[in-house]
Amino acid sequence: MWKWLHPYAKAQTAYRLCNTLLPYFAVVAVASIIIGWVWGLGFAPADYQQKDSYRIIFIHVPSAILSMGAYSSMAIAAFIALVWQLRNAELAVIAIAPVGAAMTLIALITGAAWGKPMWGAWWVWDARLTSELILLFLYLGVISLYNAFEDKGSAGRASCILALVGAINLPIIHFSVEWWNTLHQGATITKFDGGAIDASMFWPLMVNILAFAAFVGTVVLMRLKNEILLREKHRPWVKGLITNQTQLENQNVGDKNAV
Amino acid sequence: MNPRRKKRMMTVLAVVFGLGTAVALVLYALEGNINLFYTPTELVEGKGPEKQKPFVGQKLRIGGMVVPGSVQRDQDSLHVEFKLMDTGPTVKIIYQGILPDLFREGQGIVAQGKLIAPNTIEAFEVLAKHDEKYMPPEVAEAVKGIKHEKPVYNTVKGDS
Amino acid sequence: MQFNSFSDFISMGGYGFYVWLSFGSCALILLGIFLDSKLSHQRTLNAVSKQLEREARIKKAKQESK
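Rules of the game
Residues numbered from 1 in each chain as written. Chains lettered and ligands numbered in written order. Predicted model: local features only at pLDDT ≥ 70, side-chain atom pairs only at ≥ 80, totals over all residues. Heavy atoms only, no water. UniProt positions renumbered as here; feature names shortened; annotations may be inferred. Helix = DSSP H or I, 4+ residues; strand = E, 2+ residues; numbered from the N terminus. Salt bridge = Lys/Arg side-chain N within 4 Å of Asp/Glu carboxyl O. Contact = heavy atoms within 4.5 Å. Nonpolar A, V, L, I, M, F, W, Y, C, P; charged D, E, K, R; others polar.

### A closer look at the UniProt feature "transmembrane region" (unreviewed entry) in chain A
All names here are of chain A.
So, step 1. The feature "transmembrane region" (unreviewed entry), as given by UniProt, occupies residues 21-44, 56-84, 91-113, 133-149, 161-181 and 201-224 in the numbering adopted here.
So, step 2. Here residues 21-44 is 96% helix and 0% strand, with 32 Å between the C-alpha atoms at its ends.
So, step 3. Secondary structure content for residues 133-149 is 94% helix and 0% strand, and the end C-alpha separation is 25 Å.

### What to know about the pattern of salt bridges
So, step 1. As enumerated under the stated definition, the model contains seven salt bridges over all chains in all.
So, step 2. Glu90 of chain A serves as the salt-bridge partner of Arg231 of chain A, at 3.0 Å between the closest nitrogen and oxygen. Linking Arg231 of chain A in helix α7 (residues 199-231) with Glu90 of chain A in helix α3 (residues 87-118), this pair joins segments that are 141 residues apart in sequence.
So, step 3. Arg223 of chain A is paired through a salt bridge with Asp36 of chain C; the nearest N and O atoms lie 2.9 Å apart. Pair noted here: Arg223 of chain A is in helix α7 and Asp36 of chain C is in helix α2 (residues 16-65), and the two residues belong to different chains.
So, step 4. In the salt-bridge network here, residues are joined through shared partners; they are Arg87, Glu232 and Arg235 of chain A.

### Digging into the interface of chain C and chain A
So, step 1. Facing the 34 residues of chain C at the interface are 46 residues of chain A.
So, step 2. On the surface where chain C and chain A come into contact, there are one salt bridge.
So, step 3. Sorting elements by how many residues they give to the side of chain C that touches chain A places α2 of chain C first, with 27 residues.
So, step 4. For the side of chain C that touches chain A, the residue count by class is 20 nonpolar, 11 polar and three charged.

Structural data, given as structure tokens:
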């Protein structure tokens, strides 16, 4: 049943797959970021209560969703890497971590810039905010564990274990607004209809969520390619790739010199 | 110990330490949330099965809805007084400072401060709470018939 | 368009500072992580090709010394 997947365990096939997928993700990301930002900033109506300050939602909610989405994918990859010993899954963990950390950072910064005018404080030690901050620490932990070991085999294993253990934080973030008395309000998008948000604001929000998802996909694929190359640098296919690349560059230099 | 191993150990220790601090912070924040959080009813009638009341001078957090018509602002200073309620009795809040933009009568707020009389709090921080609903002003008017305020404002979770 | 003029758009009904702070830092972080990934690809290629060159040199030197 899963046989069709087996070739992708091979680094070279995975590398080629990354190359095939990359342009699609990149095009969707660029197009939807432009549409989403212009729509959200210029064309969506102001909120009845929060006026134009609520426009921060168009980056705050997507980055927060993706910070958790990226962590889930990272934890799943870590699980696969630990159980099936798949090298590519381990590399995916390392590729996802910095991107997820960037998403978490955006969610925290935009949340602070939204909280100041509306709530009256940049930061409160509220369960939602605190657990999101811990998510950032988890990402940073995964990254620094991987960099701490010279032997990338054990480095990968250590990072995977932390990534997997840290997944316990995900339900805490999600349910924090229900379990505890938080200043942070409940979820706006609970079902796929956004009953709590008017359609004129819901659709630009959806475009922005798509934009952030496609962006995360693009950057993760780029980073995964790098990790595969680094790990496989002694393999003949990488050598072939590099030789081609250098030949191309030399040609370019030659062309320039000719002009 | 060779330097490589030392560096590795330092990082592992730093990660463990960082996560430990993080968990401690959460527990601390949540404890403050749970133990020191009162609604106006709980403040007046006592909290929990033992009907525990806070003592005068205690630092606490209180969450409730600003009673419409109760806000009194001082003409020349930032001094403001208002009443807070949830389902039962009201509590008086005294505050000196700039109120958040969402502070309105009928709005849910969370105040942090000191109990200076059995039902009066001197707050050093007033934060506005809002719900997860977003809509354009025209829709809000059509849906609610009024501007800005909702007839019944569900302010604070966990009243029970 | 929700705004009558460009200056209205910039001021965001008085919330301009917060809105532009958010979108500005968001754009910076997105650009930063993208550029880092892009540049690290070039760095990776360079590092690997340098290593391959060195290996080739060592191999050659060994053969000549024989």
